Amino acid sequence: MTQEKLNELLKDMSLEEKVGQMIQLPAEVLTGGGLVTGPTGTTQLTDEQVGMAGSVLGIKGAEKIRELQKQQMAKQPHHIPLLFMLDVINGFETIFPIPLALGCTFSPEMAEKACSVAAAEAASEGLHVTFSPMLDLVRDARWGRVMESPGEDPYLNSEMARAMVRGYQGDLRSKEKLAACLKHFAGYGAPEGGRDYDNVELSERTLMEDYLPAYEAAVKEGCRLAMTSFNTLNRVPSSGNKWLLRKLLREKMGFDGVVISDYSAVEEMVFHGIAADAREAAKLAVGAGVDIDMVSNAYAGHLAELVRSGEVPEKLVDEAVLRILTLKNDLGLFEDPFRDVDPAEAEKTLLRADFRQQARETAAASFVLLKNDGILPLRKEPENEAEEGQDSSCSGKGTVPSAGSTAWIGPYVDNHEIYGAWSFPERPEKTVTIRQGVEAKGLPGMSFARGSYMMDKGCATKFGRIPNPSDEQADALLEEALRLAASSQRVVLCLGEHKDLTGEAGSRTSLGISEGQMELLRKVRQVNPNIVTVLFCGRPLAVKEIAALSRALLVVWMPGTEGGNAIADVLFGDRVPQGKLAMTFPRSLGQVPVYYNHFATGRPNPPHEIHLFRNGYMDEVTAPLYPFGYGLSYTEFTYSEVKLDRREMKAGDRITASVTVTNTGGVSGVETVQLYLRDSSASVARPIRSLKGFQKVSLAPGESREVSFAIEEPMLRFYDIDMNHVSEPGRFEVYIGGSSDAENSAEFVLA
Ligand code: BGC
């Protein structure tokens, strides 16, 4: 449809019809009852209002979507097609690793491919919009939603933002693409105490410097929607924050797409104590620039009347509706409201072999090897001698371990639910378990046992209590596991936090796994010290004891459909680990929030030492257990000195910083070479270092490669004392290495 025709359509629409476009309802309201449930209770919408709704969320299935589209269009005076939206966060039917794990790949290419697979599957069923990418910077592992973010770094998150938007959206007219929705604008990742939905206090400088870049990168990539956040940002709820939505998002960042509220966030302004009632909330939100009210009753109940009474200019409604119609038009819905969806074709698109292969590669690349004393990779051939490092006095109860035998123990061994909290697979049984992945390798000497329950007796997940096992059942599981551990040469312990302890409303005050699993680990250690721990989690955990008791520790996050295969690939060395932490692992809960790009303070302390009256704690060093950017391989990489082609820079210049990276180990591997800069004297304190570039290099044993980074003046800019985004002359340190605590450095001066 031409712009002219869109304008004509808008002119021809009644006020009720226009308001309808600005309302999003859950699918069940359209297909059934007519009740909207929100925090303020339930409100009856008239059938006419329900019929007028312009978009829907939370529906899957090609037939169902087609049916609802037909039914809804018939009710609308201008037969305007609905927009179908869903949280396609970790993939659709082929489930990919959680976004935090995608961050750990340090591979925007992989993230782009993962999102394009998700888009192809979701679009094949008739969906139009995904509520992704979530680009909230995260520094506090207590917050359950850190799993949905690419991590703690503004630069990495920005690269991921661009890649994800490209992957989902590409050319929006293509039937294989979805419109992307950046979220949650803004600062949702910094709630006080890590408590979900809590207040966020960020100075304007921190907001601009650290939190906005990833959202802005998504905007620059053409992201079509933006979602407000639930939180108050410096005391103002985002859905009523005119400065945030109109000034920053639209004017400064140049966003011209559709702004949608988060789920019932408009009406929640009543609970924030900002609006007296839903009517006032609607007025605030439309004034601030919220185009679609997701699920709450505010727009549905009050917007038309607010316009009639003259309290809201109709112009605001017209602008919002035009943006929504433009999105529908750009998706091609006016020409084909069903976007060519054919249920039989959709069935063939889901879980395609090449999609699964992509998921397998991505999962393997996202695993982070935190510790390995040489026990990994597991040897495939039976061995006759005890493994190096094995203490025979621990081999237990006089049993003789059988050569090459491996016991796979833990509640994750036979578990299909190894995907992130936002996954809704129709066929969860298609997820490859660890046991299936291992068995597919066809190796002798493998045995399997559950060992413990994932949750302790009496503990609850956010969705309620998991049925409690009896003590006898738990004892029997443990006993069987210990027998197996004692009679095997090595043990792979598959442990982790339950997925329902992560994600939205999944905040925690502890960063461990259940006591039952810790007991399993401690007891197995007494009968067999050759432990490889495979750790499932949706956040950085405090793993000091787990690491100490294990010979190797591999973090696999929530790896998705191909998880079991990817884990077997990596443990047996068919793929070499290459993931690097996108979020710091603390030494203890008390260190949280802990992140690499912090400030030096006036009393800096060596991170591994404790000195009184210096920055830090008296009972713990400030260094985290595993820093951002860290991750081992099965091979070793060494770095040469950092070379700079010049030591002085003027605006417009470019300095080339290079290192030679050598694979000094015995197998091929991929290293993520990271560039960090530090501005050592500026008008405001600058982070001790900031990631400014990374490159992945694949090296054969003995192979060397020169890796170069261009450093240009815009990379040195920051918000100065007067909030101008500028660079300042002075000295800069350059660090290049395999993690954020790389020591390899050089210096230059900006004239
Ligand atoms: C979440 C959003 C999500 C929305 C729709 C909200 O509770 O905060 O991230 O997109 O629900 O499901």
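Residues numbered from 1 in each chain as written. Predicted model: local features only at pLDDT ≥ 70, side-chain atom pairs only at ≥ 80, totals over all residues. Heavy atoms only, no water.

Regarding the domain arrangement of the protein
By the assigned domains, the protein splits into domain 1 (86-349), domain 2 (353-582) and domain 3 (637-750). Each of domain 1 and domain 3 has a C-alpha centre, and these two points are 33 Å apart. Between domain 1 and domain 3, the residue contacts involve 13 residues of the former and 14 residues of the latter. Approximately 1,100 Å² of surface area, both sides summed, lies buried where domain 1 meets domain 3, with 61% of it carried by carbon and sulfur atoms. Interface area lost by domain 1 to domain 3 is led by F106, Y155 and R205, which between them contribute 54%. (Domains from an automatic or database assignment. Contact = heavy atoms within 4.5 Å. Buried area = accessible area lost by both parts, 1.4 Å probe.)

Thoughts on the pairing of strand β14 (residues 406-409)
Burial of the side chains of β14 extends over both faces: T406 and W408 are buried on one face and A407 and I409 on the other. Alignment of β14 against strand β15 (residues 446-449), held across 4 bridges, turns out to be parallel. Looking across to β15, one finds that T406 is bridged to M446. Crossover connection from β14 via helix α16 (residues 434-439) to parallel β15: handedness right-handed. Inspection of the sheet shows β14 paired to strand β18 (residues 490-496) by 4 bridges, in the parallel sense. Each residue of the ladder has a partner; that of W408, found in β18, is V492. (Buried < 20%, exposed > 50% of the residue type's maximum accessible area, 1.4 Å probe, protein only. Helix = DSSP H or I, 4+ residues; strand = E, 2+ residues; numbered from the N terminus. Pairing = 2+ DSSP bridges. Right-handed = clockwise from strand over helix to strand, strands pointing away.)

With respect to the nonpolar core
In this structure, F185, Y299 and W557 are the most contacted members of the largest nonpolar core, which totals 178 residues. The next biggest cluster of nonpolar side chains, apart from the first, holds 32 residues, and it includes M446, F448, C494 and Y634. (Core = buried A, V, L, I, M, F, W, Y, C linked by side-chain atoms within 4.5 Å.)

Describing helix α1 (residues 3-12)
Because an α-helix packs 3.6 residues into every turn, residues spaced three or four apart end up facing the same way. The complete set of buried residues in α1 reads L6, L9 and L10. One side of α1 holds all its buried residues, which, seen down the axis, span an arc of 100°. Residues E4, K11 and D12 are exposed on α1 and point more than 90 degrees away from its buried face. In this structure, the buried residues of α1 make contact with α2 (15-21) and α13 (314-330). (Arc of directions from axis to C-beta.)

Concerning the site of the ligand
Taken together, 13 residues sit near the ligand, with D87, R145, H184, D262 and E504 positioned nearest. Between the ligand and the protein, one listed contact pairs an oxygen atom with a side-chain N or O atom of E504 at 2.7 Å. Protein coverage of the free-state accessible area of the ligand, which is 310 Å², stands at 93%. Among the residues forming the shell around the ligand, the class breakdown is 7 nonpolar, 1 polar and 5 charged. (Near = heavy atom within 4 Å. Polar contact = N/O pair within 3.5 Å; in protein donor to acceptor, adjacent residues only side chain to side chain. Areas by Shrake-Rupley, 256 points an atom, 1.4 Å probe, with all protein chains shown as cover. Nonpolar A, V, L, I, M, F, W, Y, C, P; charged D, E, K, R; others polar.)

As for the environment of P593
One can find P593 in the loop between α20 (563-571) and β21 (637-639). Of the residues examined, P593 reaches a relative accessible area of 45% and is grouped as partly exposed. For the pair P593 and P337, spaced 256 residues apart in sequence, the C-alpha to C-alpha distance is 47 Å.

A few points about the pattern of salt bridges
Here the structure, examined in full by the defined rule, presents 57 salt bridges. Linking D198 and R195 is a salt bridge whose minimum nitrogen-to-oxygen distance equals 2.6 Å. Overall, R195 belongs to the partly exposed group, its relative accessible area being 43%. Sharing partners across several salt bridges, the network here consists of R360, K380, K441, D569, D574 and R575. (Salt bridge = Lys/Arg side-chain N within 4 Å of Asp/Glu carboxyl O.)

Some points on the environment of A275
If you trace the backbone, A275 turns up in the loop between β11 (258-260) and α11 (278-288). Measuring from C-alpha to C-alpha, the distance between A275 and F748 comes to 53 Å, with 473 residues separating the pair along the chain. When neighbours within four sequence positions are excluded, A275 is seen to be in contact with M269, V270, E280, A281 and L284.

A look at empty space enclosed by the protein
Under the counting rule described, the total for this entry stands at 5 cavities of 30 Å³ or more. A volume near 80 Å³ is recorded for the largest cavity. Mapped onto the lining of the largest cavity, the elements with two or more residues apiece are β25 (669-679) and β26 (690-699). For the lining of the largest cavity, the element with the most residues is β25, which contributes 3 residues. Partitioning the lining of the largest cavity into residue classes produces 6 nonpolar, 1 polar and 4 charged. Considering the residues around the second largest cavity, the lining is formed by A62, I65, R66, Q69, F84, E125, G126, H128, P337, F338 and V341. Sort the elements by how many residues they give to the lining of the second largest cavity and helix α5 (residues 62-75) lands first, with 4 residues. The residue inventory of the lining of the second largest cavity, partitioned by class, reads 6 nonpolar, 3 polar and 2 charged. (1 Å grid on protein atoms, 1.4 Å probe; cavity = no way out; pocket = protein on both sides within 12 Å on 5 of 7 lines; lining within 4 Å. Points joined across faces, edges and corners; volume = space filled by probe spheres on them.)

Considerations on the sheet that holds β26
Read from one edge of the open sheet, 5 strands run β23-β31-β30-β25-β26, paired in mixed fashion. Bordering the open sheet on either side are β23 (648-649) and β26, each of which pairs with just one other strand. With 6 bridges joining them, strand β30 (residues 730-737) and strand β31 (residues 745-750) adopt antiparallel strand pairing. Paired with F732 across the two strands is F748, which belongs to β31.

A few points about the side chain of E148
Mapped onto the fold, E148 is located in the loop between β6 (129-130) and α8 (154-169). The exposure class assigned to E148 is buried, which follows from its relative accessible area of 1%. Looking at E148, its side chain comes within polar contact range of the side chain of R145, at 2.7 Å. Separated by 2.8 Å, the side chains of E148 and W422 make a polar contact. Setting aside residues up to four positions removed in sequence, E148 forms contacts with P99, M134, K183, W422, G503 and E504.

Details of a nonpolar patch on the surface
Judged by side-chain polarity, L612, F613 and M618 come together as a nonpolar surface patch covering roughly 460 Å² of accessible area. Relative to the helices and strands, F613 resides in the loop between α20 and β21. (Patch = residues over 30% accessible without salt bridge, like charges linked within 9 Å, V, L, I, M, F, W, Y side chains within 5 Å.)

Some details on the packing of aromatic side chains
Within the structure shown, the criterion is met by 15 aromatic pairs. Geometrically, the ring pair formed by F185 and Y215 is edge-to-face, given 5.2 Å between the ring centres and 75° between the ring planes. With F185 in strand β7 (residues 179-185) and Y215 in helix α9 (residues 204-220), the pair connects residues that are 30 residues apart, well separated along the chain. Here Y215 falls in the buried class, since its relative accessible area comes to 0%. Aromatic pair Y596 and Y676: ring centres 5.5 Å apart, planes at 75°, arrangement edge-to-face. (Phe/Tyr/Trp six-rings, centres within 6.5 Å; stacked < 30°, edge-to-face > 60°.)

Thoughts on the pairing of strand β24 (residues 654-663)
By the criterion of burial, β24 is predominantly enclosed, with 7 of the 10 residues buried. Where β21 and β24 come together, 3 bridges link them in antiparallel fashion. From the neighbouring strand, Y639 faces β24, where its bridge partner is V661. Pairing of strand β22 (residues 643-644) with β24, which is carried by 2 bridges, proceeds in the antiparallel orientation.

So, unusual backbone geometry
Residue K183 is joined to H184 through a cis peptide bond whose omega torsion reads -5°. When you line up the elements, H184 lands in strand β7. Between F185 and A186 the backbone carries a cis peptide bond, its omega angle lying at 10°. Position of A186 among the secondary structure elements: in the loop between β7 and α9. Here Y197, not a glycine, exhibits a phi torsion of approximately 75°, which is positive. Among the structural elements, Y197 can be located in the loop between β7 and α9. Phi is positive for M723, which is not a glycine, with a value near 65°.

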